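# Fold and contact review
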Amino acid sequence: MTRTPTAIPVADPSRAALCFREELSEVFDRFLAAGRYVLGPEHMAFENEFGRFLGVRHCLGVACGTDALELALLAVGCRGGDEILTAANCGAYTTTAARAIGLRVRFADVDPRTVSLSRAKVEEALTPKTCAVVVTHLYGLLGDVDGIAALGRERGIAVVEDCAQAAGARRDGRRAGSFGDAAAFSFYPTKNLAALGDGGAVATDRDDVADQVRQLRQYGWDRKYRVSLTGGRNSRLDELQAAVLRIRLSRLDEWNARRREIVRRYGAALAPGVGRFVTGDGEHYVAHLAVIVAEDRNRLRDTLEAAGVGTDVHYPIADHHQPAWSDDYLDVRLPVTEDAVAHVLTLPCFPELTEDEIERICEVLRAL
């Protein structure tokens, strides 16, 4: 009787946590002894260390990546009824955040090669009402953010980077998160830089944006118990998560290199005619996800699953087709976006994959 091989998961945050068991125990003991559980010394140290890592003057910890997007948009000047422009193939995170604070969302189509926004696509879609563009560095590939940021400066439009999948990516010495007016990060447990729960941050070089986020994340206070800014909420990165992130930040570049190597091996093994990986050469790609644009996604997925290789689709529904608000976009057509949504497939990619697991996946890809 042939034994079915153990399934290889698309992601497994527990493996990373177990690798740090001893250090995490020390962190927890330090956390308990400190007696400061919100906006304490670990939080302040992480903000300083991550800001230096990114090469920006300000980093503000918040409760999650969605809050980071909302607060970043508010801090760059967007208000209820204003219009933002973004891509529609990034899981609806930006759209959900923007709509939650009363913004109107328009979509630009994406570049066929990167399946992300480009300057040319953004320029085509801008209107006189656009107050901000949100650029998602999808799958860990640093997008055309320098071009889009330059366009934003020319037109007086704010640019917000969604760096949830791209922590550590860099081009020409600049990290993701240092190009726009503000950047939003998520530290969800499957991210390249991961907490042991939810967490997020807003990064910026602008003093005014940092001041706004600092107030907005704590009720809109300008001093204790005095609310001077509307739109505030309770959104703070807790002290324990900040301590965990400090440990993991020191290994981020190493882990990103491991992720890139995994995707490189997948690409080298992939049989001709099956599809192509969304990837990039060098450090502007941090391989958050190993995503293939497949000619026949269903066949590829069935083959991988039958061999014990987990898969997922990031993301299966374009934002303008989401049932909660699709009636607002009945006339919207985004052909490249819609084609990508129908063909992308995610394979396992995380630093703790074993050599045996990577080779098993490569064997399947060679045999397709």
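The coordinates are above.
Rules used in this analysis
- Residues numbered from 1 in each chain as written.
- Predicted model: local features only at pLDDT ≥ 70, side-chain atom pairs only at ≥ 80, totals over all residues.
- Heavy atoms only, no water.
- Pairing = 2+ DSSP bridges.
- Helix = DSSP H or I, 4+ residues; strand = E, 2+ residues; numbered from the N terminus.
- Axes fitted to C-alpha atoms, helices over the stretch in contact; angles between N-to-C directions.
- Contact = heavy atoms within 4.5 Å.
- Patch = residues over 30% accessible without salt bridge, like charges linked within 9 Å, V, L, I, M, F, W, Y side chains within 5 Å.
- Areas by Shrake-Rupley, 256 points an atom, 1.4 Å probe, with all protein chains shown as cover.
- Salt bridge = Lys/Arg side-chain N within 4 Å of Asp/Glu carboxyl O.
- Lys, Arg positive; Asp, Glu negative; His and termini not counted.
- Charge placed at Lys NZ, Arg CZ, Asp CG, Glu CD.
- Buried < 20%, exposed > 50% of the residue type's maximum accessible area, 1.4 Å probe, protein only.

## Considering the sheet that holds strand E5 (residues 158-162)
- An order of E1-E9-E8-E5-E4-E2-E3 is seen for the 7 strands of this open sheet, with the pairing classed as mixed. Strand pairing shows two members of the sheet lacking a second neighbour, strand E1 (58-62) and strand E3 (104-107), which therefore form its edges. For this sheet, the mean angle separating the axes of adjacent strands, direction not counted, is 25 degrees.
- Examined bridge by bridge, strand E4 (residues 130-136) and E5 share 5 bridges and lie parallel to one another. Each bridged residue has a counterpart across the sheet, and for Thr 136 the counterpart in E5 is Asp 162.

## A few points about the sheet that holds strand E12 (residues 275-277)
- One open sheet accounts for 3 strands, arranged E12-E13-E14; its pairing is antiparallel. Edge positions in the open sheet fall to E12 and strand E14 (344-347), since each of these has one partner strand only. Here the average twist between neighbouring strands, direction ignored, is 30 degrees.
- Both strand E13 (residues 290-294) and E14 contribute to a ladder of 4 bridges, which runs antiparallel. By the bridge assignment for E14, Val 291 is matched with Thr 346.
- Along the sheet, helix H11 (residues 297-306) contacts E13 and E14; its crossing angle with E14, the most-contacted strand, is approximately 15 degrees.
- Most of the contacts of helix H12 (residues 335-343) go to E14, to which it runs at about 45 degrees, and overall it touches E13 and E14.

## Some details on a negative patch on the surface
- On the surface, a cluster of negative charge is contributed by Glu 22, Glu 23, Glu 26 and Asp 29.
- Mapped onto the elements, Glu 22 comes out in helix H2 (residues 21-34).
- Judged by its relative accessible area of 62%, Glu 22 falls in the exposed class.

Geometric values such as these leave the question of function open.
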